[in-house]
Amino acid sequence: MRPKLLGIVNITEDSFSDGGRFFEPRAAIEHGLRLLEEGADILDLGAAASNPSAQAVPPEEEIARLAPVCEELLARGATLSIDSFATETQRFAINLGVNYLNDIQGFADPSFHAELAQAECFLIAMHSSQRIGRASRKAPDDSRPVTERVIDFFEKRIGALEQAGVAKKRLILDPGMGFFLSPDTSDSVRILRDIPQLQERFGLPILISTSRKSFLREIAGVPLEEVGAASLASEIFAAAQGARYIRTHQPKPLRESLRVWECFDEPELRPA
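Okay, so let's go over this structure. (Residues numbered from 1 in each chain as written. Predicted model: local features only at pLDDT ≥ 70, side-chain atom pairs only at ≥ 80, totals over all residues. Heavy atoms only, no water.)

This brings us to the nonpolar core. One finds Leu-43, Leu-45, Leu-73 and Leu-101 to be the most contacted residues of the largest nonpolar core, which totals 61 residues. A per-element tally of this core places helix 5 (residues 146–163) first, with seven residues. Setting aside its immediate chain neighbours within four residues, Leu-43 contacts Gly-7, Val-9, Gly-32, Leu-35, Leu-36, Leu-73, Ala-78, Thr-79, Leu-80 and Ser-81. Of all hydrophobic cores here, the second largest spans seven residues; its members include Leu-6, Tyr-100, Ile-124 and Ile-172. (Core = buried A, V, L, I, M, F, W, Y, C linked by side-chain atoms within 4.5 Å. Buried < 20%, exposed > 50% of the residue type's maximum accessible area, 1.4 Å probe, protein only. Helix = DSSP H or I, 4+ residues; strand = E, 2+ residues; numbered from the N terminus. Contact = heavy atoms within 4.5 Å.)

Note on placement: His-249 falls in the loop between strand 8 (245–248) and helix 10 (251–264). What makes His-249 buried here is its relative accessible area of 8%. A polar side-chain atom of His-249 sits 2.7 Å from a polar atom in the side chain of Ser-211. (Polar contact = N/O pair within 3.5 Å; in protein donor to acceptor, adjacent residues only side chain to side chain.)

Before going further, it helps to examine unusual backbone geometry. Here the phi dihedral of Phe-107 falls at roughly 60°; this positive angle occurs in a residue that is not glycine. Take Phe-107: it is sitting in the loop between strand 4 (100–103) and helix 4 (113–118). By relative accessible area, which is 2% here, Phe-107 ends up buried. In this structure, Arg-212 takes a positive phi of about 65° despite not being glycine. With respect to the helices and strands, Arg-212 occurs in the loop between strand 7 (207–208) and helix 8 (214–220).

This part covers the sheet that holds strand 7. The strand order 6-5-4-3-2-1-8-7 describes an open sheet built from eight strands, whose pairing is parallel. Edge positions in the sheet fall to strand 6 (171–174) and strand 7, since each has one partner strand and no second. Two strands pair when backbone bridges link them, and strand 2 (residues 42–46) and strand 3 (residues 80–83) are joined in this way by four bridges, in the parallel orientation. Counted as the bridge partner of Leu-45 is Ile-82 from strand 3. (Pairing = 2+ DSSP bridges.)

Now the structure itself:
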């Protein structure tokens, strides 16, 4: 099954890869429409960067940045995901009628779970070693193997959401990548290899977001502006491992690569 692609739209000044390029509403709208033309199924809109160097953005500012962009893109028929861990911003997105909420803290606010249960959108719950706030370059305090840590996080978070009335079928799990796991590159590689284990354990779709991450730049030995091929390689591997959603800055080469990969994977083309 071909994964759904989330095209990243950063309405920010300090995102690590393209901060400032799409900060103005018109630029963000045009970029979103371009990503849809290039093969994105969903647009993932974020108005507050989550990298270790990013500045905090108050919810009212997030909402002010998102509102005109969401209004135009929804009017154009786009399927939207809102990337925010702020309860106020998530409430705004629910009232707007978006299809997905994407939370890097995995919906950590228990006082909001009852409202989430009443909503209809899908919930992308991301694991992060930090639990609260943005990514950090510090090693996690928990010394257990990374996959064990991720599984423990999801077991507890899924249990809390279900107890509040959130239907499990609405959940999508993102194990996190790069600094959300740890500064150790091998942890991100391990999680990519263990996608089938996570799917089997929870019976839920897995979302992977490796696009332009620093661990890929470290492995490939390339700067940010040259990490496209490494990103694509990791995304194809994630798809081969069974990821059902891939969040990416560049849907066009990924969509094209998946078409070719599917062709090679057709049963009639396999040796007897």
